[in-house]
Amino acid sequence: MRLLLLEDDETLGEALCAFLRLEGHVVEWFTQLRDAQTVISEPLDALLVDWQLPDGSGLDWVRRLRAQGHTLPILVLTARDLLQDRVRGLDSGADDYLVKPFPPEELAARLRAVRRRQLAQGAPRIELPEGLSVDLAGRTAWRGEQRVELTAREWALLEALVARAGRVVTRSDLEGLSQGFDGEAASNVLEVHVSNLRRKLGRSVIETVRGLGYRVPR
């Protein structure tokens, strides 16, 4: 998933970014609302928003996004733990509410749950060429009746492509999912992972769009 994290605590922000990237996510981290505004129109899968930020209220920003028609999953991260605060946060448009401090594993699990709910609104399985079917909510893929075993990075790439089936996913978006989590920085890492996916899933499942990126046909 490509995530936008709004968190002004440097220590917490760095820790969350490191953990979420190890989980296979791309994270855009900002400490102020005005900086986050520059990327909100880009393709994102979820927002992680601190309530109190140096230049305004994250909760007010969530309310404005919902009023503008944004439907992205939003998780509010805050130290405010009173019942009325949790109710206010959810009523403002958040899909979930985490009270600091929280273990990062809980955040990862809540992201998975939000993602499952979001994907469950669509088809339970997406049918692709070469007898491949993908269940994004269940994080599984099959060729015919045979389940395909994928690594965490391979699944992250496949999910990004299948969730945007029919559209080109840029190299820059995919490169963040395929490298950098453990210091790996080889320039051909993305190509290696795409090659492995084609070997497991079938060559026609992932198309190369020269000079732009990759696409999964509808």
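Preceding block: the structure.
In this report, the structure presented in the accompanying data block is examined. If you're wondering where the values come from, they're calculated on a predicted model, not measured in any experiment.

## Re the nonpolar core
If you look at soluble globular proteins, the nonpolar side chains tend to sit buried side by side.
Inference 1: Grouped together as the largest cluster of nonpolar side chains are 23 residues, with contacts concentrated most on Val134, Leu158, Leu174 and Ile206.
Inference 2: Sorting the residues of this core by element identifies β9 (132-135), α6 (152-162) and α8 (189-201) as the ones contributing at least two each.
Inference 3: Sort the elements by how many residues they give to this core and α6 lands first, with six residues.
Inference 4: With 18 residues, the next largest nonpolar core counts Met1, Leu48, Leu75 and Ala108 among its residues.

## Brief notes about the packing of aromatic side chains
Inference 1: The final tally for this structure, using the stated rule, is one aromatic pair.
Inference 2: For the cation-ring pair, Arg80 lies above Trp51, with the distance from its terminal atom to the ring centre recorded as 4.0 Å.

## A word on the packing of α6 against α8
Inference 1: Two elements in contact, α6 and α8, have axes whose closest approach is 10 Å; the angle formed by their N-to-C orientations is 85°. Here α8 runs roughly perpendicular to α6, going by the angle between their axes. Every residue of α8 that contacts α6 at Arg153, Glu154, Leu157 and Leu158 is listed here: Leu190, His193, Asn196, Leu197, Lys200 and Leu201.
Inference 2: Counted by class, the contact of α6 with α8 contains five nonpolar, two polar and three charged residues.

Rules used in this analysis
Once a new chain begins, its residue numbering starts again from 1 and follows that chain's sequence as written. Where totals are concerned, whole chains, interfaces and linings use all residues; where local detail is concerned, this predicted model gives features only for residues with pLDDT of at least 70, and gives and counts side-chain atom pairs only at 80 or more. Excluding hydrogens and water, the side-chain values take into account all heavy atoms of the structure. Nonpolar cores were defined as sets of buried Ala, Val, Leu, Ile, Met, Phe, Trp, Tyr and Cys residues, with membership established by side-chain atoms within 4.5 Å. Partly exposed describes any residue whose relative accessible area lies between the buried limit of under 20% and the exposed limit of over 50%, with all areas from a 1.4 Å probe on protein chains only and scaled to the type maximum. Think of it this way: any DSSP run of H or I at least four residues long counts as a helix, any run of E at least two long counts as a strand, and we number them from the N terminus. Only rings of Phe, Tyr and Trp enter the pairing, Trp through its six-membered ring, and a pair is recorded when the two centres are within 6.5 Å. The plane angle decides the type: under 30 degrees is stacked, over 60 is edge-to-face, the rest tilted. Geometrically, a lysine NZ or arginine CZ counts as sitting over a ring once it is within 6 Å of the ring centre and also within 35 degrees of the ring normal. Geometry is summarised by axes, namely lines fitted to C-alpha atoms with helices restricted to the contacting stretch, and by angles between N-to-C directions that run from 0 to 180 degrees. Each angle receives one of four descriptions, namely roughly parallel if under 35 degrees, roughly antiparallel if over 145, roughly perpendicular if within 65 to 115, and oblique otherwise. Here, residues are in contact when the closest pair of their heavy atoms is within 4.5 Å. In this classification, Asp, Glu, Lys and Arg are treated as charged, Ala, Val, Leu, Ile, Met, Phe, Trp, Tyr, Cys and Pro as nonpolar, and every other residue, Gly included, as polar.

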